[in-house]
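# Structural features, examined
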Amino acid sequence: MVSASPNGPASPRGQTLLLDGITQRYGASLAVNEVTLDIRGGELVALLGPSGCGKTTLLRIIAGFLAQTKGHVMVGGKSVDGLPPNRRSVGIVFQNYALFPHMTVEENVAYGLDARGVDRATQRSEAQRMLDLVKLGHLGDRTPRQLSGGQQQRVALARALAVNPSILLLDEPFAALDKNLRLDMQIEVKRIQRLSGITTILVTHDQEEALSMADRVAVLSQGRLEQFSPPTEIYDAPDSLFVNTFVGSANLLGGVLVDSDRSAGRVRLDAGGLIETRAPKGDLRPGSRVTVCLRPEHLSVDPATGDAETLNGVVEMGLPLGATVVHEIRVGDGTAVKVSEPRIQRTDLLAPGTPVRLAPVAPRLASVFAAA
Amino acid sequence: MAATLRDVTTYDLKLAAPLAAGFILFFVTPLVILLALSFQTDPQGGHYGLTQYVAFLGDSFSLGVLGSTLWLGVKVTVLTLLLGYPVAWLHQRSPAWARGLIMLLVLLPLLTSVVVRTFAWVVILGRQGIVNATLAWIGLIDTPLKLLYTEGGVVVALAQVQMPLMVLPIITALSRIDPNFADASSVLGAGHWRTFRKVILPLSLPGIVAGCLLTYAAAITAFITQSLIGGGQMLFMPMYIYQQASTLQNWPFAAAISIVFLVSVLVVVSIFNALGRLSRGYANA
Ligand SMILES: Nc1ncnc2c1ncn2[C@@H]1O[C@H](COP(=O)(O)OP(=O)(O)OP(=O)(O)O)[C@@H](O)[C@H]1O
Ligand SMILES: [Mg+2]
């Protein structure tokens, strides 16, 4: 039942997980709406989205705490829809860890093995092995309350992994940790996930965490799947205006589509100037109103030329932020545009009131969506 | 300046003076008088000595009354726990509207007078009472069962009367348990029963101990219910003390058995408290 080696042939780890048209209805409201995710074995997928978008609901459906209104959950190609949580072979790390306070660390880790009828000696050695894996082998006799937050989290991870689950679910596991510890634990979890090759779902509303840890990111909004892509694609080629603004920061500028083909488009901005963009999303004809998204690092601030056919503006404020300098520029149509430049390139801050011209640092960086 | 920076956790002891005075006047003083009285060798006054205690402890009848009273408390506590825990658990598991209803039913005994409640039990348990009438109607019995004036009757009636004292602390303890614990347990492979036995039950132990303590203390001192349901044949400590003091006017002996009863109860309470302290380790996680 529990194989001795982490990647033994009998190991159920690295199973595929298919969420097929999952819908969850609470009364009249839809918490999850037709979400389909095809997750590869051993992949680490982040569920990213604002509060209330249905992340926890989706996780509870996968774990079996909640029976979905519609759709199917398939693990390793087999439906688990009718199975209760204790027969699903899923591991969970809760946001508050939920370590049993009346048991020692070792008893916590051995709990799942005990429930599976594994004998005492194997329980002990297996628990010790898991604790060693999370580098807490020396703290087995403590109670959870005698541990720091980061240590408790490691125990929770060891407890979840000890039963050799097919799928590991992490519900905002780093939210309660301070910033430095969070980074350490993110690296640690990633290391253990790679080592065990277990298919993992990480719920988070921290976009940096999602982008840095996940193989693919699923962005959810109001119960709907907005995009399911590798992190760089989520950032560089967002499928929707929501993804573009929720992940990273973006300047939104109104304009009119001049022309477009499969690889690029051109937009005349209301604030002035013509800009070359990525191919517009959706079926947009020349002449349609569009919203152009430009990330702060996509622009540079150049001296004003007096040419009316460029994107001109006036400096409102300059902020040196460590490695970068951020300027806020008020452009022609009154929009405030943030521009972030490496400090190596711009050593001086521009004084408020300076007239400037904004130019893309490269062509076809901006995304174009139909105007909202 | 210094006054405003005063530590708010320290209070002026003078503020406690009225309460302290009341406590000394109405609690400590009578207790001291009781203690003094218990050492009188004779109801008419006279010498001081251990005569009354020797009489009590050497008398198998008296020891029997003490023993059966303490044992009655154990039976009532166990029955109340067995009936009360599921009620508390049900309350915890129910939707909001049902919780209100359960809470009302649990609190109802507290809202009626003990005498009324006890007479209700007399009606229920009597020879022509509800229980006997129903059993006869179904055809299970020909002659009425003796339910009233039995120890079983006393235990059942006391269990009902003291139910809130058991249920409320357990509800509190259960509501403090993180619902994620049960989810964590089940996802680790445990069924409902294992989850209950290994996680919920140990974590609700502080509530169980508190509930048992309150129920026990209330059950062994429940003068009215004990005497009305128990009738004349059964004698428990509160009635025994009352008889000695009021009927026989043997105040020194009444005082002595009161003190013995008090000490016995204190011993039981300390045992419960020790258990409570052990279990409290689990409670605040
Ligand atoms: N038991 C419930 N009954 C009714 N509505 C619910 C219930 N649980 C969740 N919801 C609703 O479903 C939606 C999704 O909730 P969910 O907890 O999945 O959000 P989330 O993405 O995890 O948010 P957060 O980041 O705040 O944890 C929310 O609008 C929430 O109000
Ligand atoms: Mg959530």
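Residues numbered from 1 in each chain as written. Chains lettered and ligands numbered in written order. Predicted model: local features only at pLDDT ≥ 70, side-chain atom pairs only at ≥ 80, totals over all residues. Heavy atoms only, no water.

### Considerations on the overall build of chain B
- What chain B contains, in helices and strands, is 13 helices and two strands.
- At 24 Å, chain B has a C-alpha radius of gyration far larger than the 19 Å of a compact globule built from 285 residues.
- Expressed as lengths along the three principal axes of its C-alpha atoms, the size of chain B is roughly 85 × 75 × 30 Å.
- For chain B, the proportion of its 285 residues judged to be buried stands at 41%.
- Relative to all contacts within chain B whose residues are 6 or more apart in sequence, the contacts with residues 24 or more apart total 71%.
- As presented, chain B carries roughly 16,000 Å² of accessible surface, and 74% of it is formed by carbon and sulfur atoms.
- Across chain B, the 14 positively charged side chains and the 8 negatively charged ones have centroids separated by 9 Å. (Helix = DSSP H or I, 4+ residues; strand = E, 2+ residues; numbered from the N terminus. Rg over C-alpha atoms; globule rule 2.2 N^0.38 Å. Buried < 20%, exposed > 50% of the residue type's maximum accessible area, 1.4 Å probe, protein only. Contact = heavy atoms within 4.5 Å. Areas by Shrake-Rupley, 256 points an atom, 1.4 Å probe, with all protein chains shown as cover. Lys, Arg positive; Asp, Glu negative; His and termini not counted. Charge placed at Lys NZ, Arg CZ, Asp CG, Glu CD.)

### Regarding a nonpolar patch on the surface
Residue and element names in this part refer to chain B.
- Where nonpolar side chains cluster on the molecular surface, the patch consists of F23, I24, F27, V28, L31, V32, L262 and L266 and spans about 700 Å² of accessible area.
- Among the elements of the structure, α1 (17-38) and α13 (251-283) are those that each provide at least two residues to the nonpolar patch.
- Mapped onto the secondary structure, L262 falls in helix α13. (Patch = residues over 30% accessible without salt bridge, like charges linked within 9 Å, V, L, I, M, F, W, Y side chains within 5 Å. Salt bridge = Lys/Arg side-chain N within 4 Å of Asp/Glu carboxyl O.)

### Observations concerning the environment of B:P43
Residue and element names in this part refer to chain B.
- Position of P43 relative to the elements: it lies in the loop between β1 (40-42) and β2 (45-48).
- In this structure P43 comes out as partly exposed when scored by relative accessible area, which is 38%.
- C-alpha separation for the pair P43 and L111, spaced 68 residues apart in sequence, amounts to 41 Å.
- In contact with P43, not counting residues within four places along its chain, are Q249, N250 and P252.

### Side note on the pairing of strand β17 (residues 324-331) of chain A
Residues and elements named next belong to chain A.
- With six of its eight residues buried, β17 lies for the most part within the structure.
- Sheet topology places strand β16 (residues 311-321) next to β17; eight bridges connect them, and they run antiparallel. Its bridge partner lying in β17, V315 is registered against I329.
- Where β16 folds back on β17, the antiparallel hairpin that results is connected by two residues, among which G322 adopts a positive phi of roughly 65°. (Pairing = 2+ DSSP bridges.)

### Remarks on the site of ligand 1
Residues and elements named next belong to chain A.
- Taken together, Y26, A31, S51, G52, C53, G54, K55, T56, T57, E172 and H205 form the complete shell of residues around ligand 1.
- Contact between ligand 1 and T56: an oxygen atom at 2.6 Å from a side-chain N or O atom of the residue.
- For ligand 1, whose unbound accessible area comes to 640 Å², protein coverage reaches 55%.
- Sorting elements by how many residues they give to the shell around ligand 1 places helix α1 (residues 55-63) first, with three residues. (Near = heavy atom within 4 Å. Polar contact = N/O pair within 3.5 Å; in protein donor to acceptor, adjacent residues only side chain to side chain.)

### What to know about helix α5 (residues 114-125) of chain B
Residues and elements named next belong to chain B.
- Compared with an ideal rise of 1.5 Å per residue, which puts 12 residues at 16 Å, α5 spans 16 Å between its outermost C-alpha atoms and is within 8% of the ideal.
- Listed in full, the buried residues belonging to α5 are R117, T118, W121 and L125. Projected down its long axis, α5 shows its buried positions confined to an angular sector of 95°, all on one face. Projecting away from the buried face of α5 at angles above 90 degrees are the exposed residues V116 and V123.
- Buried residues along α5 sit against α4 (96-111), α6 (130-138), α7 (151-175) and α11 (223-230).
- By the N-cap criterion, in which a side-chain oxygen at the helix start approaches the backbone nitrogen of a residue two or three places on, α5 is capped by S113, the distance to V115 being 3.0 Å. (Expected span 1.5 Å × (residues − 1). Arc of directions from axis to C-beta.)

### Describing the side chain of B:D183
- Following the sequence through the fold, B:D183 ends up in helix α8 (residues 179-187).
- For B:D183, the side chain forms a polar contact with the side chain of A:R60, separated by 3.3 Å.

### Quick look at the sheet that holds strand β20 (residues 367-370) of chain A
Residue and element names in this part refer to chain A.
- The five strands lie next to each other as β13-β12-β11-β14-β20, forming an open sheet whose pairing is antiparallel. Two strands in the sheet have a free side with no partner beyond their single neighbour: β13 (274-278) and β20. Strand-to-strand twist across the sheet, computed as the mean angle between neighbouring axes with direction ignored, equals 45°.
- In terms of strand pairing, strand β12 (residues 264-269) meets β13 through five bridges, oriented antiparallel. Pairing of R268 across the sheet is with L274, part of β13. (Axes fitted to C-alpha atoms, helices over the stretch in contact; angles between N-to-C directions.)

### Structural notes on the UniProt feature "domain: ABC transmembrane type-1" (unreviewed entry) in chain B
- What UniProt calls "domain: ABC transmembrane type-1" (unreviewed entry) maps, in this numbering, to residues 66-272 of chain B.
- With 81% helix and 0% strand, residues 66-272 of chain B has its two end C-alpha atoms placed 19 Å apart. (UniProt positions renumbered as here; feature names shortened; annotations may be inferred.)

### Remarks on the sheet that holds strand β18 (residues 336-342) of chain A
Residues and elements named next belong to chain A.
- Strand order in the open sheet formed by five strands is β15-β19-β16-β17-β18, and the pairing between neighbours is antiparallel. Strands at the two margins of the open sheet, each flanked by one partner only, are β15 (299-303) and β18. Geometrically, the sheet is characterised by an average inter-axis angle of 45° between neighbouring strands, direction not taken into account.
- For β16 and strand β19 (residues 355-360), the ladder comprises four bridges, and the chain directions are antiparallel. Pairing of L311 across the sheet is with L358, part of β19.

### Overview of the UniProt feature "domain: ABC transporter" (unreviewed entry) in chain A
- Mapped onto this numbering, the UniProt entry annotates "domain: ABC transporter" (unreviewed entry) at residues 17-247 of chain A.
- In residues 17-247 of chain A, the share of helix is 37% and the share of strand is 26%. The end C-alpha atoms are 25 Å apart.

### A word on the packing of aromatic side chains
- Per the counting criterion, the structure on display carries 12 aromatic pairs over all chains.
- Judged by centre distance (5.7 Å) and plane angle (80°), the ring pair of B:Y85 and B:F196 falls under edge-to-face. Remark: B:F196 occurs in helix α9 (residues 192-203) and B:Y85 occurs in helix α3 (residues 60-93); sequence separation between them is 111 residues. The pair formed by B:Y85 and B:F196 is uniform in burial state, with each residue classed as buried.
- Cluster of aromatic residues (ring-pair linked, three or more members): B:F56, B:F61, B:Y240 and B:F253.
- For the cation-ring pair, A:R159 lies above A:F100, with the distance from its terminal atom to the ring centre recorded as 4.7 Å. (Phe/Tyr/Trp six-rings, centres within 6.5 Å; stacked < 30°, edge-to-face > 60°. Lys NZ or Arg CZ within 6 Å of the ring centre and 35° of its normal.)

### With respect to the UniProt feature "transmembrane region" (unreviewed entry) in chain B
All names here are of chain B.
- Residues annotated by UniProt as "transmembrane region" (unreviewed entry) correspond here to residues 15-39, 70-90, 102-124, 203-231 and 251-275.
- Annotation note: span residues 15-39, helix share 88%, strand share 0%, distance between end C-alpha atoms 36 Å.
- End C-alpha atoms of residues 203-231 are separated by 40 Å, and the span's content is 86% helix alongside 0% strand.

### As for the packing of α5(B) against α7(B)
Residue and element names in this part refer to chain B.
- At their nearest, the axes of α5 and α7 sit 11 Å apart, and the two run at 140° to each other. For the element pair α5 / α7, the angle class is oblique. For the element pair α5 and α7, the recorded crossing hand is right-handed. Across the interface between the two elements, R117, W121 and L125 of α5 pack against G153, V156, A157, Q160 and V161 of α7.
- Residues that form the contact of α5 with α7 fall into these classes: five nonpolar, two polar and one charged. (Parallel < 35°, antiparallel > 145°, perpendicular 65-115°, else oblique. Left-handed = near helix turned anticlockwise from the far one by under 90°. Nonpolar A, V, L, I, M, F, W, Y, C, P; charged D, E, K, R; others polar.)

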